[in-house]
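A closer look at the structure
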Amino acid sequence: MTTGTLNQAHALPAEWRDFVALTKPRVMSLVVFTGLAGLLVAPVALHPVLAFTAVLCIALGAGAAAALNQWYEADLDALMKRTASRPIPAGRMAPESALHFGVGLGVFSVLLMGLATNWFTAAILAVSILFYVFVYTIWLKRRTPQNIVIGGAAGAFPPLIGWAAATGQADTLPLLLFALIFLWTPPHFWALSLFVRSDYAKAGVPMLPVVAGARATRVQILLYALPMAAVAVAPWPLGLAGPLYGFAAIVLSAAFLLLALQVLANRSADPAAMKPEKRLFAFSILYLFALFGALVADKALLS
Amino acid sequence: MSPRDPVTDEIRRRQRARATVMALALGAFVVLLYFITIARVGGQG
């Protein structure tokens, strides 16, 4: 008997580790990093305790959104190999436990953010959680292949939240960073969805490769990568970042475009022959880490 | 003495582990709230 069936048979309470797993800690690391970068490049220095709390609230808010996403999508997750072992589809946690945990964590993160920094930042955090849950998860994901294009906005909020926590307002640089993640999301997810296409098809999720095919997806990846690269470089000529960032943005974006071109050149529909797609997916994560890291390093050098 | 039910034992173990994690989280929250208050009051001074 597996742990999952044992849990279902005896209605065992979920392990605390499963609540941690529900927050998708690996995805959270990128959210936390971009949020921290937004905070560090802001022109106003925040007290270290308040800065720590702001980043903690970003992490908790992302965790809450992930928990609510898994509560709503448990039926889909059960159908996909990649997600079938998550706490709810695996039977290790009751769905209502995930719902209560997600709502509680979300409300807590927004209130703590408001108390520690300012209510404008708390409002953006609340919007990002609600956007991910209601707009992406509930409204778009099962209805349109544009799901991650619009839904990607939810993941683009952290640098804006970090900046707002320090300054109390939004500005050109954090809005550019928002646009960067917004445009980065489709190539990142479409590269993944190309080589796990059968999973999405089996679950009936209308991801672009399922609806429009691999060729159209590969074209769209490049079409989004081009404006993404332009937005990535933009802070330098606009005088919002220095030459270190400018150099890093040019080199990293050129590598991203090169990998997107390799994806475009690949004609295979067999996941085993999708090395360019796997390379682009892996690099896209490194790209965002390196770009935001360069922005912070650039700011440290300039000051 | 009646034999221990392994399911009840497992329930108790999980409840204890969750209660411990919750207590640690609450303790950390109290400490954090204290330092937030100090930081905010200091910022206004």
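**With respect to the overall build of chain A**
For chain A, the helix and strand inventory stands at 16 helices and zero strands. Here the C-alpha atoms of chain A give a radius of gyration of 20 Å, agreeing with the 19 Å that 2.2 N^0.38 yields for 303 residues. Counting the 303 residues in chain A, one finds 55% classified as buried. Of all intrachain contacts in chain A linking residues separated by at least 6 positions in sequence, the fraction that spans at least 24 positions is 74%. Within the structure as shown, chain A displays about 12,600 Å² of accessible surface, and the carbon and sulfur contribution to it stands at 71%.

**A short note on the interface of chain B and chain A**
In this complex, chain B contributes 16 residues to the contact, which on the side of chain A involves 21 residues. Both sides together, the interface formed by chain B and chain A hides about 1,600 Å², and carbon and sulfur atoms give 71% of it. Ranking the residues of chain B by area buried against chain A places Arg14, Arg18 and Arg40 of chain B at the top, with a combined share of 38%. Between chain B and chain A we count two salt bridges in total. Residue Glu15 of chain A pairs with Arg14 of chain B through a salt bridge whose shortest N-O separation is 3.8 Å.

**A short note on the confidence of the model for chain B**
Put simply, chain B has an average pLDDT of 89, and 87% of its residues get 70 or more. Prediction confidence for the complex, expressed as pTM and ipTM, is 0.91 and 0.87 respectively.

**Comments concerning the packing of aromatic side chains**
For any pair of aromatic rings, the description consists of the separation of the ring centres together with the inter-plane angle of the planes. Residues and elements named next belong to chain A. Going through the model one piece at a time under the given rule, you end up with 13 aromatic pairs over all chains. Judged by centre distance (5.2 Å) and plane angle (65°), the rings of Phe157 and Phe178 are edge-to-face. Of the two residues, Phe157 sits in the loop between α9 (153-156) and α10 (158-167) while Phe178 sits in helix α11 (residues 172-195), which places them 21 residues apart along the sequence. Side by side, Phe157 and Phe178 carry an identical accessibility label, which is buried. Aromatic ring contacts, followed pair by pair, group Phe157, Phe178 and Phe182 into a single cluster. For the cation-ring pair, Lys278 lies above Phe195, with the distance from its terminal atom to the ring centre recorded as 5.7 Å.

**What to know about the confidence of the model for chain A**
The pLDDT averaged across chain A works out to 93; a share of 97% of its residues lies at or above 70. Per-residue pLDDT, averaged within each element of chain A, yields its smallest value for helix α1 (residues 3-10) of chain A (48) and its largest for α10 of chain A (98).

**What to know about the side chain of Ser128 of chain A**
As for its position among the elements, Ser128 of chain A is in helix α7 (residues 119-140). Excluding residues within four positions of it along the chain, Ser128 of chain A makes contact with Ala154, Phe157 and Ile161 of chain A.

**Here we look at α10 of chain A**
α10 of chain A sits mainly inside the fold: nine of its 10 residues count as buried. The set of residues buried in α10 of chain A consists of Pro158, Pro159, Leu160, Ile161, Gly162, Trp163, Ala164, Ala165 and Ala166 of chain A.

**Remarks on the pattern of salt bridges**
Under the definition given, this model contains 10 salt bridges over all chains. The closest approach of N and O atoms between Arg218 of chain A and Glu277 of chain A, which form a salt bridge, is 2.8 Å. Remark: Glu277 of chain A occurs in helix α16 (residues 275-302) and Arg218 of chain A occurs in helix α14 (residues 214-233); sequence separation between them is 59 residues. Note on Glu277 of chain A: relative accessible area 0%, which makes it buried. What emerges from the salt-bridge pattern is a single network uniting Glu15 and Arg17 of chain A together with Glu10, Arg13 and Arg14 of chain B.

**Focus on the nonpolar core**
All names here are of chain A. Core analysis: the biggest nonpolar cluster contains 94 residues, and Leu180 and Tyr287 have the highest contact counts within it. Top element by residues in this core is α11. It accounts for 13 residues. With sequence-adjacent residues up to four places away left out, Tyr287 is seen in contact with Leu180, Trp184, Met228, Ala229, Ala232, Leu252, Ser253 and Phe256. In terms of nonpolar packing, the next biggest core, distinct from the first, is built from eight residues, Ala14, Phe19, Leu22 and Ala67 among them.

**A short note on a nonpolar patch on the surface**
Where nonpolar side chains cluster on the molecular surface, the patch consists of Val103, Val107, Leu111, Leu115 and Trp119 of chain A and spans about 490 Å² of accessible area. Among the elements that line the nonpolar patch, the one with the most residues is helix α6 (residues 95-116) of chain A, at four residues.

**Side note on the side chain of Thr121 of chain A**
Along the chain, Thr121 of chain A falls in helix α7. Ignoring sequence-local partners within four residues, the contact set of Thr121 of chain A consists of Met113, Ile161, Ala164 and Ala165 of chain A.

Calculation notes
Residues numbered from 1 in each chain as written. Chains lettered and ligands numbered in written order. Predicted model: local features only at pLDDT ≥ 70, side-chain atom pairs only at ≥ 80, totals over all residues. Heavy atoms only, no water. Helix = DSSP H or I, 4+ residues; strand = E, 2+ residues; numbered from the N terminus. Rg over C-alpha atoms; globule rule 2.2 N^0.38 Å. Buried < 20%, exposed > 50% of the residue type's maximum accessible area, 1.4 Å probe, protein only. Contact = heavy atoms within 4.5 Å. Areas by Shrake-Rupley, 256 points an atom, 1.4 Å probe, with all protein chains shown as cover. Buried area = accessible area lost by both parts, 1.4 Å probe. Salt bridge = Lys/Arg side-chain N within 4 Å of Asp/Glu carboxyl O. pLDDT = per-residue confidence, 0-100. Phe/Tyr/Trp six-rings, centres within 6.5 Å; stacked < 30°, edge-to-face > 60°. Lys NZ or Arg CZ within 6 Å of the ring centre and 35° of its normal. Core = buried A, V, L, I, M, F, W, Y, C linked by side-chain atoms within 4.5 Å. Patch = residues over 30% accessible without salt bridge, like charges linked within 9 Å, V, L, I, M, F, W, Y side chains within 5 Å.

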